[in-house]
Amino acid sequence: MPQRLGIIGHPIGHSISPVFQQAALDAIGFDGTYQPWDVAPDEVGEFVAGLRAPGTLGINVTVPHKEAVIPFLDEVDDWASTAGAVNTIVNRDGRLTGYNTDGIGFLRALREGADFEPRGRDVLVLGAGGSARGVVYALARVGVAQMFIANRTLERAEGLAALSVDSGAAAEALSLSDAPGAAREVALIVNCTSMGMVHGPDEDGTPLSAADIPSNALVNDLVYNPLETPLLREAAKSGAATLGGIQMLVYQGAASFEMWTEQDAPVAVMLEAATAAMRARG
Ligand SMILES: NC(=O)c1ccc[n+]([C@@H]2O[C@H](COP(=O)([O-])OP(=O)(O)OC[C@H]3O[C@@H](n4cnc5c(N)ncnc54)[C@H](OP(=O)(O)O)[C@@H]3O)[C@@H](O)[C@H]2O)c1
(Lines give C-alpha, C1' and ligand atoms only; values in the text may rest on other atoms or scores of the structure.)
Protein backbone atom coordinates (compact mmCIF):
# COMPACT_ATOMS: atom_id res chain seq x y z
CA MET A 1 0.00 0.00 0.00
CA PRO A 2 1.40 3.48 -0.86
CA GLN A 3 2.27 5.43 2.27
CA ARG A 4 0.85 8.86 2.98
CA LEU A 5 3.10 11.72 4.11
CA GLY A 6 2.88 15.48 3.98
CA ILE A 7 3.03 18.83 5.68
CA ILE A 8 0.34 20.89 7.40
CA GLY A 9 0.30 24.66 7.74
CA HIS A 10 -2.00 27.62 7.11
CA PRO A 11 -1.31 28.85 4.47
CA ILE A 12 0.90 26.12 2.99
CA GLY A 13 1.44 27.12 -0.67
CA HIS A 14 4.85 28.68 0.08
CA SER A 15 6.36 25.46 1.46
CA ILE A 16 8.99 23.73 -0.68
CA SER A 17 9.01 20.61 1.54
CA PRO A 18 6.66 18.74 -0.85
CA VAL A 19 9.17 19.28 -3.66
CA PHE A 20 12.27 17.97 -1.93
CA GLN A 21 10.55 15.28 0.18
CA GLN A 22 8.84 13.78 -2.88
CA ALA A 23 12.16 13.92 -4.77
CA ALA A 24 13.73 11.98 -1.89
CA LEU A 25 10.96 9.34 -1.80
CA ASP A 26 11.26 8.88 -5.57
CA ALA A 27 15.07 8.71 -5.44
CA ILE A 28 15.08 5.75 -3.03
CA GLY A 29 12.09 4.10 -4.74
CA PHE A 30 9.83 4.43 -1.69
CA ASP A 31 6.14 3.87 -2.43
CA GLY A 32 4.72 7.03 -0.90
CA THR A 33 3.33 10.48 -1.62
CA TYR A 34 4.18 13.64 0.27
CA GLN A 35 1.59 16.37 -0.09
CA PRO A 36 0.76 19.81 1.31
CA TRP A 37 -2.37 20.17 3.46
CA ASP A 38 -3.81 23.57 4.30
CA VAL A 39 -5.40 22.96 7.70
CA ALA A 40 -7.33 25.74 9.44
CA PRO A 41 -6.55 26.26 13.14
CA ASP A 42 -9.91 24.84 14.29
CA GLU A 43 -9.35 21.65 12.27
CA VAL A 44 -5.95 20.70 13.71
CA GLY A 45 -7.23 18.22 16.34
CA GLU A 46 -9.38 16.30 13.88
CA PHE A 47 -6.60 16.24 11.27
CA VAL A 48 -4.00 14.94 13.72
CA ALA A 49 -6.38 12.23 14.97
CA GLY A 50 -6.68 11.03 11.35
CA LEU A 51 -2.91 10.42 11.22
CA ARG A 52 -3.31 7.34 13.42
CA ALA A 53 -4.77 5.40 10.48
CA PRO A 54 -2.65 2.66 8.87
CA GLY A 55 -0.93 3.89 5.70
CA THR A 56 0.02 7.25 7.17
CA LEU A 57 3.67 7.38 8.22
CA GLY A 58 3.58 10.92 9.55
CA ILE A 59 3.78 14.58 8.67
CA ASN A 60 5.78 17.76 8.98
CA VAL A 61 4.16 20.64 10.79
CA THR A 62 4.74 24.29 9.98
CA VAL A 63 3.46 27.72 10.95
CA PRO A 64 1.05 28.27 12.70
CA HIS A 65 0.47 24.73 14.03
CA LYS A 66 3.79 23.78 15.66
CA GLU A 67 2.48 24.33 19.19
CA ALA A 68 -1.16 23.59 18.49
CA VAL A 69 -0.56 19.91 17.56
CA ILE A 70 1.10 19.06 20.90
CA PRO A 71 -2.07 18.31 22.95
CA PHE A 72 -3.16 15.76 20.31
CA LEU A 73 0.04 13.65 20.49
CA ASP A 74 0.88 10.71 22.76
CA GLU A 75 4.42 11.95 23.49
CA VAL A 76 7.01 14.53 22.41
CA ASP A 77 10.81 14.27 22.43
CA ASP A 78 13.27 16.46 24.38
CA TRP A 79 13.98 18.80 21.49
CA ALA A 80 10.29 19.46 20.88
CA SER A 81 9.45 19.98 24.52
CA THR A 82 12.38 22.43 24.92
CA ALA A 83 11.40 24.27 21.74
CA GLY A 84 7.70 24.14 22.73
CA ALA A 85 7.16 23.27 19.07
CA VAL A 86 6.74 20.10 17.00
CA ASN A 87 7.80 20.02 13.34
CA THR A 88 7.55 16.26 12.77
CA ILE A 89 4.94 13.68 13.75
CA VAL A 90 5.56 9.96 13.40
CA ASN A 91 2.74 7.39 13.42
CA ARG A 92 3.88 4.06 14.85
CA ASP A 93 0.96 1.60 14.91
CA GLY A 94 -1.53 4.31 15.81
CA ARG A 95 0.67 5.97 18.41
CA LEU A 96 1.76 9.55 17.57
CA THR A 97 5.12 10.98 18.63
CA GLY A 98 6.13 14.60 18.09
CA TYR A 99 9.71 15.63 17.35
CA ASN A 100 11.53 18.83 16.55
CA THR A 101 14.28 18.18 14.02
CA ASP A 102 15.38 21.84 13.63
CA GLY A 103 18.28 21.52 16.10
CA ILE A 104 19.49 18.25 14.59
CA GLY A 105 19.10 19.68 11.08
CA PHE A 106 21.04 22.78 12.06
CA LEU A 107 23.95 20.72 13.46
CA ARG A 108 24.03 18.39 10.46
CA ALA A 109 24.07 21.39 8.12
CA LEU A 110 27.09 22.83 9.98
CA ARG A 111 28.95 19.53 10.02
CA GLU A 112 28.06 18.09 6.62
CA GLY A 113 27.32 21.29 4.70
CA ALA A 114 30.22 23.41 5.99
CA ASP A 115 32.58 20.89 7.61
CA PHE A 116 32.32 22.88 10.85
CA GLU A 117 32.36 21.29 14.32
CA PRO A 118 30.88 23.71 16.89
CA ARG A 119 32.04 21.84 20.02
CA GLY A 120 34.52 23.99 21.98
CA ARG A 121 34.11 27.05 19.73
CA ASP A 122 32.89 30.58 20.52
CA VAL A 123 29.62 31.44 18.77
CA LEU A 124 27.31 34.40 18.20
CA VAL A 125 23.59 33.78 17.74
CA LEU A 126 21.61 36.71 16.32
CA GLY A 127 17.93 36.66 17.26
CA ALA A 128 15.91 35.10 20.06
CA GLY A 129 12.70 33.85 18.40
CA GLY A 130 11.58 30.31 17.65
CA SER A 131 14.47 29.29 15.43
CA ALA A 132 17.06 30.81 17.78
CA ARG A 133 15.66 28.69 20.62
CA GLY A 134 16.39 25.46 18.71
CA VAL A 135 19.82 26.71 17.63
CA VAL A 136 20.85 27.78 21.15
CA TYR A 137 19.70 24.47 22.63
CA ALA A 138 21.58 22.51 19.94
CA LEU A 139 24.80 24.50 20.41
CA ALA A 140 24.61 24.21 24.21
CA ARG A 141 24.06 20.44 23.97
CA VAL A 142 27.14 19.90 21.81
CA GLY A 143 29.25 21.96 24.25
CA VAL A 144 30.27 25.23 22.61
CA ALA A 145 32.76 27.26 24.67
CA GLN A 146 31.11 30.69 24.89
CA MET A 147 27.80 31.73 23.38
CA PHE A 148 26.78 35.34 22.75
CA ILE A 149 23.07 35.85 22.04
CA ALA A 150 22.18 39.23 20.54
CA ASN A 151 18.61 40.36 19.97
CA ARG A 152 16.70 43.55 19.26
CA THR A 153 14.62 42.86 22.38
CA LEU A 154 17.22 42.23 25.08
CA GLU A 155 14.87 40.41 27.49
CA ARG A 156 14.30 37.65 24.94
CA ALA A 157 18.08 37.21 24.56
CA GLU A 158 18.36 36.96 28.34
CA GLY A 159 15.74 34.20 28.38
CA LEU A 160 17.73 32.21 25.80
CA ALA A 161 21.00 32.80 27.64
CA ALA A 162 19.38 31.19 30.69
CA LEU A 163 18.36 28.20 28.54
CA SER A 164 21.94 27.88 27.31
CA VAL A 165 23.40 27.96 30.81
CA ASP A 166 20.81 25.40 32.00
CA SER A 167 21.83 23.19 29.06
CA GLY A 168 25.53 23.41 29.96
CA ALA A 169 27.07 26.28 27.92
CA ALA A 170 28.19 29.70 29.19
CA ALA A 171 26.17 32.45 27.52
CA GLU A 172 25.92 36.22 27.50
CA ALA A 173 22.88 38.19 26.32
CA LEU A 174 23.46 41.35 24.28
CA SER A 175 21.34 43.85 22.49
CA LEU A 176 21.56 43.59 18.69
CA SER A 177 23.46 46.89 18.51
CA ASP A 178 26.29 45.24 20.48
CA ALA A 179 26.53 42.28 18.09
CA PRO A 180 29.43 43.74 16.01
CA GLY A 181 31.78 43.71 19.04
CA ALA A 182 30.97 40.08 19.85
CA ALA A 183 31.16 39.04 16.18
CA ARG A 184 34.84 39.91 16.03
CA GLU A 185 35.62 37.29 18.72
CA VAL A 186 33.79 34.23 17.42
CA ALA A 187 34.29 31.32 15.04
CA LEU A 188 30.62 30.91 14.14
CA ILE A 189 27.87 33.49 13.54
CA VAL A 190 24.28 32.28 13.10
CA ASN A 191 21.54 34.63 11.96
CA CYS A 192 18.18 33.63 13.42
CA THR A 193 16.52 37.01 12.91
CA SER A 194 14.13 37.66 10.01
CA MET A 195 16.40 40.42 8.69
CA GLY A 196 17.08 39.92 5.00
CA MET A 197 14.03 37.70 4.44
CA VAL A 198 11.92 38.41 1.34
CA HIS A 199 8.63 40.06 2.39
CA GLY A 200 9.98 40.19 5.98
CA PRO A 201 10.19 43.16 8.34
CA ASP A 202 13.59 44.34 6.97
CA GLU A 203 14.07 42.74 3.57
CA ASP A 204 17.28 44.60 2.67
CA GLY A 205 18.69 44.60 6.19
CA THR A 206 21.69 42.77 7.61
CA PRO A 207 22.52 42.46 11.31
CA LEU A 208 26.28 42.75 10.57
CA SER A 209 28.40 44.33 7.88
CA ALA A 210 31.61 42.99 6.34
CA ALA A 211 33.83 45.02 8.67
CA ASP A 212 32.33 43.21 11.71
CA ILE A 213 32.87 39.69 10.37
CA PRO A 214 36.18 37.89 10.94
CA SER A 215 37.61 36.44 7.73
CA ASN A 216 38.18 33.07 9.44
CA ALA A 217 34.59 32.74 10.74
CA LEU A 218 31.69 30.71 9.35
CA VAL A 219 28.47 32.70 8.83
CA ASN A 220 25.27 30.65 8.72
CA ASP A 221 22.13 32.57 7.77
CA LEU A 222 18.96 30.63 8.58
CA VAL A 223 17.05 32.85 6.15
CA TYR A 224 16.72 30.87 2.89
CA ASN A 225 14.53 33.21 0.85
CA PRO A 226 16.49 34.66 -0.90
CA LEU A 227 19.17 31.98 -1.21
CA GLU A 228 21.83 34.69 -1.10
CA THR A 229 20.94 37.10 1.70
CA PRO A 230 22.39 40.56 2.45
CA LEU A 231 24.26 39.05 5.44
CA LEU A 232 25.81 36.28 3.32
CA ARG A 233 26.96 38.93 0.82
CA GLU A 234 28.62 40.88 3.65
CA ALA A 235 30.24 37.69 4.94
CA ALA A 236 31.61 36.85 1.50
CA LYS A 237 33.04 40.37 1.22
CA SER A 238 34.93 39.85 4.48
CA GLY A 239 36.36 36.54 3.20
CA ALA A 240 34.38 34.44 5.72
CA ALA A 241 32.92 31.04 4.85
CA THR A 242 29.15 31.04 4.30
CA LEU A 243 26.29 28.58 4.73
CA GLY A 244 22.76 29.40 3.53
CA GLY A 245 19.54 28.51 5.35
CA ILE A 246 18.47 26.06 2.65
CA GLN A 247 20.95 23.57 4.14
CA MET A 248 19.25 23.54 7.54
CA LEU A 249 15.84 23.38 5.88
CA VAL A 250 16.90 20.30 3.94
CA TYR A 251 18.68 18.59 6.84
CA GLN A 252 15.73 19.06 9.22
CA GLY A 253 13.60 17.49 6.49
CA ALA A 254 16.15 14.72 6.04
CA ALA A 255 15.92 13.91 9.75
CA SER A 256 12.11 13.66 9.46
CA PHE A 257 12.44 11.51 6.33
CA GLU A 258 14.77 9.09 8.14
CA MET A 259 12.29 8.71 11.02
CA TRP A 260 9.40 7.89 8.68
CA THR A 261 11.20 5.63 6.21
CA GLU A 262 13.95 4.21 8.48
CA GLN A 263 16.31 4.72 5.52
CA ASP A 264 19.13 7.20 4.90
CA ALA A 265 17.85 10.38 3.28
CA PRO A 266 19.33 11.18 -0.16
CA VAL A 267 20.46 14.61 1.01
CA ALA A 268 22.16 15.66 -2.24
CA VAL A 269 18.93 14.98 -4.18
CA MET A 270 16.91 16.93 -1.61
CA LEU A 271 19.29 19.88 -1.67
CA GLU A 272 19.26 20.04 -5.45
CA ALA A 273 15.44 19.89 -5.59
CA ALA A 274 15.07 22.51 -2.83
CA THR A 275 17.56 24.89 -4.43
CA ALA A 276 15.91 24.52 -7.85
CA ALA A 277 12.48 25.18 -6.31
CA MET A 278 13.74 28.36 -4.62
CA ARG A 279 15.41 29.55 -7.83
CA ALA A 280 12.19 28.92 -9.77
CA ARG A 281 10.37 31.17 -7.31
CA GLY A 282 12.84 33.91 -8.22
N1 LIG B 1 16.57 27.42 7.48
C2 LIG B 1 15.62 26.92 8.24
O3 LIG B 1 15.39 25.71 8.30
C4 LIG B 1 14.81 27.86 9.08
C5 LIG B 1 14.10 27.37 10.19
C6 LIG B 1 13.38 28.28 10.96
C7 LIG B 1 13.37 29.63 10.63
N8 LIG B 1 14.08 30.05 9.54
C9 LIG B 1 14.12 31.49 9.19
O10 LIG B 1 14.67 32.19 10.29
C11 LIG B 1 14.06 33.47 10.41
C12 LIG B 1 13.52 33.66 11.84
O13 LIG B 1 12.49 32.71 12.08
P14 LIG B 1 11.85 32.51 13.53
O15 LIG B 1 10.88 31.40 13.40
O16 LIG B 1 12.88 32.44 14.60
O17 LIG B 1 11.04 33.90 13.68
P18 LIG B 1 10.50 34.59 15.01
O19 LIG B 1 10.25 33.59 16.08
O20 LIG B 1 9.39 35.47 14.56
O21 LIG B 1 11.74 35.52 15.50
C22 LIG B 1 12.13 36.63 14.74
C23 LIG B 1 13.46 37.16 15.25
O24 LIG B 1 13.89 38.20 14.36
C25 LIG B 1 14.04 39.42 15.09
N26 LIG B 1 13.63 40.53 14.22
C27 LIG B 1 12.49 40.62 13.48
N28 LIG B 1 12.47 41.76 12.78
C29 LIG B 1 13.63 42.40 13.06
C30 LIG B 1 14.19 43.63 12.64
N31 LIG B 1 13.54 44.45 11.79
N32 LIG B 1 15.39 43.98 13.14
C33 LIG B 1 16.04 43.18 14.00
N34 LIG B 1 15.57 42.00 14.45
C35 LIG B 1 14.37 41.62 13.97
C36 LIG B 1 13.14 39.27 16.30
O37 LIG B 1 13.59 40.16 17.31
P38 LIG B 1 12.61 40.59 18.53
O39 LIG B 1 12.68 39.47 19.54
O40 LIG B 1 13.19 41.85 19.02
O41 LIG B 1 11.23 40.75 17.93
C42 LIG B 1 13.39 37.78 16.64
O43 LIG B 1 14.63 37.62 17.28
C44 LIG B 1 12.97 33.52 9.31
O45 LIG B 1 13.48 34.19 8.19
C46 LIG B 1 12.74 32.06 8.98
O47 LIG B 1 12.33 31.88 7.63
C48 LIG B 1 14.80 29.20 8.76
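Predicted model only: the values in this text are computed from it and were never measured. (Residues numbered from 1 in each chain as written. Predicted model: local features only at pLDDT ≥ 70, side-chain atom pairs only at ≥ 80, totals over all residues. Heavy atoms only, no water.)

Asker: In this structure, what is going on with the site of the ligand? I would like to understand it.
Answerer: For the ligand, the set of nearby residues contains 23 residues, the closest of which are Gly130, Ser131, Asn151, Thr153 and Arg156. Taking Ser131, its side chain carries an N or O atom lying 2.7 Å from an oxygen atom of the ligand. For the ligand, an oxygen atom lies 3.2 Å from a polar atom in the backbone of Ser194. Look at the ligand: alone it shows 930 Å² of surface, and the protein chains cover 78% of it. Secondary structure elements with two or more residues in the shell around the ligand: helix H5 (130–142) and helix H9 (245–261). Element by element, the count of residues in the shell around the ligand is highest for H9, at three residues. In terms of residue class, the shell around the ligand is built from 11 nonpolar, nine polar and three charged. (Near = heavy atom within 4 Å. Polar contact = N/O pair within 3.5 Å; in protein donor to acceptor, adjacent residues only side chain to side chain. Areas by Shrake-Rupley, 256 points an atom, 1.4 Å probe, with all protein chains shown as cover. Helix = DSSP H or I, 4+ residues; strand = E, 2+ residues; numbered from the N terminus. Nonpolar A, V, L, I, M, F, W, Y, C, P; charged D, E, K, R; others polar.)

Asker: Quick question: what am I supposed to make of the packing of aromatic side chains here?
Answerer: Where two aromatic rings form a pair, the distance of their centres and the angle of their planes describe that pair. Applying the stated criterion to the full structure yields three aromatic pairs. When the ring of Tyr34 is compared with that of Trp260, the centres are 6.1 Å apart and the planes differ by 50°; the resulting orientation is tilted. Here Trp260 lies in helix H9 and Tyr34 lies in strand S2 (residues 32–38), a separation of 226 residues in the sequence. Exposure class is identical for Tyr34 and Trp260. Each is buried. Both rings, one in Trp79 and one in Tyr137, keep their centres 5.2 Å apart while their planes meet at 75°; by these two values the pair is edge-to-face. Of this pair, Trp79 sits in helix H3 (residues 78–83) while Tyr137 sits in helix H5, and the two are 58 residues apart along the sequence. Residues Trp79 and Tyr137 agree in their burial class; the two are buried. (Phe/Tyr/Trp six-rings, centres within 6.5 Å; stacked < 30°, edge-to-face > 60°. Buried < 20%, exposed > 50% of the residue type's maximum accessible area, 1.4 Å probe, protein only.)

Asker: When you look at the nonpolar core in this model, what are you seeing that I'm missing?
Answerer: Soluble globular proteins tend to pack their nonpolar side chains together in the buried interior. Phe106, Val125, Leu139 and Met147 are the most contacted members of the largest nonpolar core, which totals 61 residues. For this core, the element with the highest residue contribution is H9, accounting for nine residues. Two domains each provide a minimum of three residues to this core, namely domain 1 (3–100 + 247–280) and domain 2 (103–243). If you look at the next biggest cluster of nonpolar residues, it comprises 19 residues, including Leu176, Ala182, Leu208 and Leu231. (Core = buried A, V, L, I, M, F, W, Y, C linked by side-chain atoms within 4.5 Å. Domains from an automatic or database assignment.)

Asker: Hey, could you run me through the environment of Ile246 in this one?
Answerer: Mapping Ile246 onto the fold places it in helix H9. Classification of Ile246 as buried rests on a relative accessible area of 9%. On a C-alpha basis, the gap between Ile246 and Met270 in space is 10 Å, while along the polypeptide they are 24 residues apart. Ignoring any residue separated from it by four or fewer positions in sequence, one finds Ile246 in contact with Ile16, Tyr224, Leu227, Leu271, Ala274, Thr275 and Met278. (Contact = heavy atoms within 4.5 Å.)

Asker: Mind showing me how you'd approach the pattern of salt bridges here?
Answerer: Side-chain pairs of opposite charge can arise where the charged atoms are in close proximity. For the structure on display, the rule yields nine salt bridges. Among the salt bridges present, the one from Arg52 reaches Asp74, with a minimum N-O distance of 2.8 Å. Note that Arg52 is positioned in the loop between helix H2 (44–50) and strand S3 (56–61) and Asp74 in the loop between S3 and strand S4 (75–76), a separation of 22 residues in sequence. Accessibility expressed as a relative area gives 30% for Arg52, which makes it partly exposed. Between Arg141 and Asp78 there is a salt bridge, with its nearest N and O atoms 3.4 Å apart. Residue Arg141 is found in helix H5, and its partner Asp78 is found in helix H3; the two are separated by 63 residues along the sequence. (Salt bridge = Lys/Arg side-chain N within 4 Å of Asp/Glu carboxyl O.)

Asker: Whenever I open this one, the sheet that holds strand S5 (residues 88–92) confuses me. Can you help?
Answerer: Two modes of strand pairing occur in sheets, parallel and antiparallel, and in both the strands are linked by backbone hydrogen bonds. Spatially, six strands are ordered S2-S1-S3-S5-S6-S4 in an open sheet, and the strand pairing comes out mixed. A strand with exactly one partner marks an edge of an open sheet, and here the two such strands are S2 and S4. Packing of helix H1 (residues 17–27) onto the sheet brings it into contact with strand S1 (3–9), S2 and S3, and relative to S2 it is tilted by some 170°. Relative to the sheet, H9 contacts S1, S2, S3, S5 and strand S6 (95–99), its axis offset from that of S5 by approximately 5°. (Pairing = 2+ DSSP bridges. Axes fitted to C-alpha atoms, helices over the stretch in contact; angles between N-to-C directions.)

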